[in-house]
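So you can see what is in the structure, the chains are spelled out below.
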Amino acid sequence: MKKVSIASLFVSLALVLCLFFMFSISVSAETVAGTITVTQSDGTIGTLTDAAGDNQATVLPVGEGTVTYDADTATVTLDTVTAQLIDFAMNGDFTLNVVGKNVINNGNESADVSAITVTTGNVTVIGDGILDLDAYSFAFHVKAGSFTQKGASLDLNTTKRPFLNASGNVSLIDGSIVGVAGDWSGLEAGGDLSITGGSVTSTATANAFMITGNIKISGGTVSATTTSADSGIRSTGSGKSLEISGGEITANVKTKNGLLANGPIKISGGNISIHTLGSYGINASSSSISVSGGTISVNSEGDHGVHATAGISVSGGTIAVDMHGKNNAFYDNSTVGINVTGGDFNLKANYNGLLSNGTVSVDGCNLTVDAKIAINASTGINISQQSADQPTNLVFNSSPALQLNKANTTLNITGGRITGSGSHFVYVNTNGTVNIGADAIVDFNATTKPVNGTAGYALTINSEIEWEEGKSFADAESARQIKTVNQRPIVDANVSATVTANGNAQAGVTVGLYKDGAEVATAVTGENGTAALVVEDLLAGYTYGGYTLKQIAEDGKGYTYDLTERDVSIFVNANGVVTVTGDTAFANTYVEPRLPYLEGEIVDGKYIVTETGKATEMGLIKIGNDYYYAGPNGVLVTSQKYFAWRLNENCDITTGWYYFDSTGKLVDSGIVDGYYYVD
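Predicted model, so just to flag it, every value in this text is computed and none were measured.

Enquirer: How should I be thinking about the overall build of the chain in this particular structure?
Expert: The secondary structure content of the chain amounts to two helices and 66 strands. Within the chain, buried positions represent 49% of all 679 residues. Nonlocal contacts in the chain, meaning residues at least 24 apart in sequence, comprise 50% of its contacts between residues at least 6 apart. A total of about 28300 Å² of accessible surface is found on the chain, and carbon and sulfur atoms cover 48% of it.

Enquirer: Looking at this structure, how should I read unusual backbone geometry?
Expert: Excluding glycine, residues mostly have negative phi values, and the peptide bonds linking residues are mostly trans. The residue after S399, namely P400, is reached through a cis peptide bond having omega 5°. Relative to the elements of secondary structure, P400 occurs in the loop between β40 (393–397) and β41 (402–404). Even without being a glycine, A152 presents a positive backbone phi close to 75°. Structurally, A152 can be placed in strand β13 (residues 147–158). Even without a glycine there, the phi angle at N257 is positive, about 70°. Using a relative accessible area of 6% as the deciding quantity, one classes N257 as buried.

Enquirer: Teacher, can you tell me more about the side chain of Q403 here?
Expert: With respect to the helices and strands, the residue Q403 is situated in strand β41. Assessed through its relative accessible area of 15%, Q403 is described here as buried. The contacts of Q403, once residues within four sequence positions are left out, are I373, I375, N376, A377, I381 and Y427.

Enquirer: Help me out: how do you make sense of the environment of I338 in this one?
Expert: The residue I338 is located in strand β33 (residues 338–340) in this model. Once residues within four sequence positions are removed from consideration, I338 is found in contact with I312, F330, D332, L354, L355, S356, T359, V360 and S361.

Enquirer: How should the packing of aromatic side chains be read in this particular structure?
Expert: Between two aromatic rings, the relevant description is the distance of the centres plus the angle of the planes. For the coordinates displayed, the defined rule picks out four aromatic pairs. For the pair Y629 and Y642, a centre-to-centre distance of 5.1 Å together with 55° between the ring planes defines the contact as tilted. Here the residue Y629 occupies a position in strand β62 (residues 626–630), and Y642 occupies one in strand β63 (residues 640–644), the gap between them amounting to 13 residues. Accessibility expressed as a relative area gives 1% for Y629, which makes it buried. Residue placement shows R161 over the ring face of W184; its charged tip is 4.8 Å from the ring centre. In this structure, K515 packs its charged tip against the face of Y547, placed 4.8 Å from the ring centre.

Enquirer: It is not clear to me how the pairing of strand β7 (residues 94–99) should be interpreted in this structure. Could you clarify?
Expert: Consecutive side chains along a regular strand alternate between the two faces of the sheet. As defined by bridge partners, strand β5 (residues 75–79) adjoins β7 across five bridges and the pair is classed as parallel. Opposite T77, over in β7, you have N97 as the bridge partner. Relative to strand β10 (residues 123–127), β7 runs parallel, the two sharing five bridges. By the bridge assignment for β10, T95 is matched with T124.

Enquirer: Explanation requested: the nonpolar core in the structure shown.
Expert: Side chains of a nonpolar character, in soluble globular proteins, are inclined to be buried together. Ranked by size, the top nonpolar core spans 116 residues in total, and within it F140, F147, F330, F396 and L402 carry the most contacts. Ranked by the residues each element gives to this core, the list is headed by strand β23 (residues 242–253), at five residues. Setting aside residues no more than four positions away along its own chain, F330 makes contact with V306, I312, V314, I319, V321, I338, F345, L347, G353, L354 and L355. L513, A521, L533 and L549 belong to the second largest nonpolar core, which has 19 residues in total.

Enquirer: Help me out: how do you make sense of the pairing of strand β3 (residues 58–62) in this one?
Expert: One ladder, built from five bridges, connects β3 with strand β4 (residues 65–70); its direction is antiparallel. The residue bridging V59 from the neighbouring strand is T68, located in β4. In this structure, the hairpin formed by β3 and β4 is closed by a connection of two residues, where G63 is found at a positive phi of approximately 60°.

Enquirer: Looking at this model, I keep getting lost on the side chain of N376. Mind explaining?
Expert: Looking at the secondary structure, you find N376 in strand β38 (residues 373–377). Its relative accessible area of 4% is what places N376 among the buried residues. Reaching out from N376, the side chain makes a polar contact with the side chain of N405 at a distance of 2.7 Å.

Enquirer: When you look at the environment of M90 in this model, what are you seeing that I'm missing?
Expert: On the secondary structure map, M90 appears in strand β6 (residues 82–90). M90 sits in the buried class, given a relative accessible area of 3%. For the pair M90 and A74, spaced 16 residues apart in sequence, the C-alpha separation works out to 9.7 Å.

Enquirer: Which parts of the structure should I look at to understand the environment of Y627?
Expert: Checked against the element boundaries, Y627 lands in strand β62. Since its relative accessible area comes to 14%, Y627 is described here as buried. Here the alpha-carbon distance between Y627 and F660, two residues 33 residues apart in the chain, equals 8.9 Å. In this view, Y627 contacts L620, I621, K622, C651, D652, I653, F660, G664, K665 and L666; residues no more than four positions away in its chain are not counted. Within the structure, the side chain of Y627 is placed 2.2 Å from the side chain of D652, a separation counted as a polar contact.

Enquirer: Before we go on, may I ask you to explain the confidence of the model for the chain in this structure?
Expert: Fine structural detail should not be taken from predicted coordinates in areas where pLDDT scores are low. Residues with a pLDDT of 70 or more make up 81% of the chain, whose mean pLDDT is 82. Segment residues 555–559: pLDDT under 50, and 11 contacts once partners within four positions in sequence are set aside and those in other chains are kept. Here residues 671–679 scores under 50 on pLDDT; set against residues more than four positions off or in separate chains, the count is 29 contacts.

What counts and how
Residues numbered from 1 in each chain as written. Predicted model: local features only at pLDDT ≥ 70, side-chain atom pairs only at ≥ 80, totals over all residues. Heavy atoms only, no water. Helix = DSSP H or I, 4+ residues; strand = E, 2+ residues; numbered from the N terminus. Buried < 20%, exposed > 50% of the residue type's maximum accessible area, 1.4 Å probe, protein only. Contact = heavy atoms within 4.5 Å. Areas by Shrake-Rupley, 256 points an atom, 1.4 Å probe, with all protein chains shown as cover. Phe/Tyr/Trp six-rings, centres within 6.5 Å; stacked < 30°, edge-to-face > 60°. Lys NZ or Arg CZ within 6 Å of the ring centre and 35° of its normal. Pairing = 2+ DSSP bridges. Core = buried A, V, L, I, M, F, W, Y, C linked by side-chain atoms within 4.5 Å. Polar contact = N/O pair within 3.5 Å; in protein donor to acceptor, adjacent residues only side chain to side chain. pLDDT = per-residue confidence, 0-100.

Here is the structure:
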């Protein structure tokens with residue numbers, strides 16, 4: 001028998017144990033998903049580490065709820081969890097499933113810590129539950145990865161940091177986010193922002209959305225409010241773009257920049273509403289702007305409603321800009337110019353409707369301007385009508401309507417129809433040239449003289465209008481109409497008006513057409529939301545004003561309708577084709593139910609509900625004869641102007657900008673510009 005020494009046995013045993021432990025560590029390393037650390041409400045710390053290697057669910061009780069990890073699907077489930085902090089140190093991407101109501105509140109108003117921290121990995125949020133996060137620092141912080149939301153409702157509140165921050169991309173596909181950042185930007189991403197569905201509301205003192213990369217919005221509901229400074233939705237990266245092709249986008253900005261990008265801004269769809277108390281409703285600070293569709297409303301109280309530095313092009317869409325007595329509706333601060341080939345415009349400004357350091361070209365659009373100067377260009381103005389199917393209809397209430405502000409430049413009007421009134425139709429600089437072609441129709445009442453300018457300009461008119469300086473266009477046009485009236489056919493025009501709600505066509509709504517207050521025709525919208533209104537005995541080739549569209553019935557489906565009368569003009573071309581100049585789509589919206597009134601009182605700057613004893617959001621609420629705004633977690637808005645966007649059912653004033661004093665009381669000593677109260 002072979003002899004084996006004791007020493008040899010020990011060596012063999014050591015080798016076996018070494019191999020065993022090496023194998024065990026290897027298996028564990030491949031199956032460990034990471035560590036989840038939970039600081040519970042009482043301060044105790046629980047840790048969940050998947051090291052079993054059996055792909056079975058691992059459960060950590062947290063109060064009355066649980067944190068569960070399923071290694072097979074890499075899914076963490078938060079089910080009715082109440083805690084101070086949760087840290088996810090994962091070894092890869094994972095899914096966060098939200099079940100029931102989960103409340104993570106660090107309870108420390110000075111500690112620079114986050115409610116949820118994802119140290120490593122990309123996270124995707126799903127589920128139908130609620131995630132209520134409150135922190136001094138970030139509410140939801142993804143340190144080295146991207147954030148995607150496909151479900152759940154997130155209520156995120158911070159004192160000093162963004163409520164959502166990801167070093168990578170942020171993608172919102174479904175679910176909802178309501179976020180409030182107390183003293184910072186709201187939602188931040190180090191990569192791109194993509195919104196295709198769901199809803200996100202961001203209220204911040206600085207930028208509501210602060211994105212380093214590109215921004216793409218194709219659906220969903222997006223609301224951006226700033227209470228102190230900076231922008232609503234902003235892309236900061238050099239050359240990074242902001243693109244909107246769908247969705248409902250609202251920006252209420254205390255200072256300037258409703259939409260801001262260093263790269264190009266492209267809008268092809270969606271409903272966009274912007275209100276700024278300062279300049280720049282839409283601002284491509286280092287690039288161009290292009291609009292091919294969608295509905296855009298800009299209310300700005302600063303210098304420029306729509307601003308670009310490398311050209312502006314519009315080929316479609318409906319655009320309304322109201323500068324509230326301030327400077328320019330559109331301004332291209334470059335020699336590229338403004339090129340319009342379609343769309344419906346309604347522009348109001350103190351100075352310029354369309355202003356460019358280059359050339360302004362207009363064709364195939366409906367453009368109404370109330371401003372000192374309708375179109376003001378440095379290198380030329382071109383007005384044409386390339387197609388009878390897409391006529392050019394321009395209505396200018398300006399003095400002058402058109403201005404060439406540099407010497408040796410040319411105004412060419414080769415087609416289209418221009419109506420309106422003002423002291424002058426055209427102002428021409430030194431050695432400038434005005435050409436009005438035979439196919440152009442000008443019905444502009446120049447109360448002083450049609451053309452004014454510096455010495456040396458040239459004037460060529462080949463249209464049917466024959467006039468001389470000092471004679472008004474109105475007189476010349478009347479004379480022309482008398483000579484040609486019997487040569488123009490009488491037609492019946494079909495005018496259509498579309499009723500929509502949240503972008504969807506609404507059937508069964510009655511729409512009326514009125515002429516000088518008298519009913520002309522009524523019709524009920526069909527399945528496509530369009531009502532066909534027949535106007536009889538119109539003369540082809542002319543524009544008819546004095547008409548209004550009005551919706552005169554509701555559908556009773558929970559939608560409220562803008563019953564404002566819409567002023568429209570009807571143009572019938574020589575072939576009987578009708579164009580309606582003005583807004584014919586009623587902007588109907590679903591009214592969110594008001595927050596229910598719960599009896600309570602104000603304690604230490606918060607609204608406390610008597611029955612529950614909890615601080616509760618109440619929106620704009622009336623207490624006695626005074627108004628307060630109790631925001632998320634019942635915290636009162638104090639010592640600032642604030643856009644009150646949520647209302648309580650006991651409140652009898654509307655949403656808007658108001659001023660709240662140091663106690664949170666709405667100050668009612670006066671109204672500024674109809675937007676907010678001030679001391």
